[in-house]
Amino acid sequence: WIMSEAKYQSKLIKKYEAEGYYVLKLISTNKAGIPDLLALKPDDVKFIEVKGKLTKVSPLQNYRIKELKKLGFDARIERE
């Protein structure tokens, strides 16, 4: 059984909020390829790209994650 990406995303949001993060779902930004979620704590910022088991990460999404890491952010792909 494969969980939908949307359901997995909701599960991740609940998980991060339970850990004390303020989580934003980034729907439309001025930069294409930015990860789906932004999880915030006062001294901790995470950019999270959510993918289902069979969903591929696009080259642009990989580029944005590398770009964010280069700037010192925790940027990651969370796969179901």
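Turning our attention to the sheet that holds strand β2 (residues 37-41). Sheet strands associate in pairs through backbone hydrogen bonding, adopting either a parallel or an antiparallel arrangement. Spatially, four strands are ordered β1-β2-β3-β4 in an open sheet, and the strand pairing comes out mixed. Both edges of this open sheet fall to β1 (22-25) and β4 (74-79), since each of them pairs with a single strand only. Across the sheet, the mean angle from the axis of one strand to that of its neighbour is 25°, orientation sign disregarded. In the sheet, β1 pairs with β2 via four bridges, with the strands oriented antiparallel. Bridge assignment links V23 to a residue of β2, and that residue is A39. Sheet strands touched by helix α1 (residues 5-18): β1, β2, β3 (44-51) and β4. Its angle to β3, the strand with the most contacts, is close to 160°. Across the sheet, helix α2 (residues 59-70) lies against β3 and β4, angled at about 145° from β4, the strand it touches most.

Listed in full, the eleven residues of the largest apolar core are M3, Y8, L12, I13, Y16, Y21, V23, L37, A39, I48 and V50. It is α1 that provides the largest number of residues to this core, a total of four residues. In this structure, Y16 is in contact with Y21, V23, A39, K46, I48, R76 and E78, ignoring residues within four places of it in sequence. Counting residues in hydrophobic clusters, the runner-up holds five residues, among them L38, I65, L68 and A75.

What counts as what
Residues numbered from 1 in each chain as written. Predicted model: local features only at pLDDT ≥ 70, side-chain atom pairs only at ≥ 80, totals over all residues. Heavy atoms only, no water. Pairing = 2+ DSSP bridges. Helix = DSSP H or I, 4+ residues; strand = E, 2+ residues; numbered from the N terminus. Axes fitted to C-alpha atoms, helices over the stretch in contact; angles between N-to-C directions. Contact = heavy atoms within 4.5 Å. Core = buried A, V, L, I, M, F, W, Y, C linked by side-chain atoms within 4.5 Å. Buried < 20%, exposed > 50% of the residue type's maximum accessible area, 1.4 Å probe, protein only.

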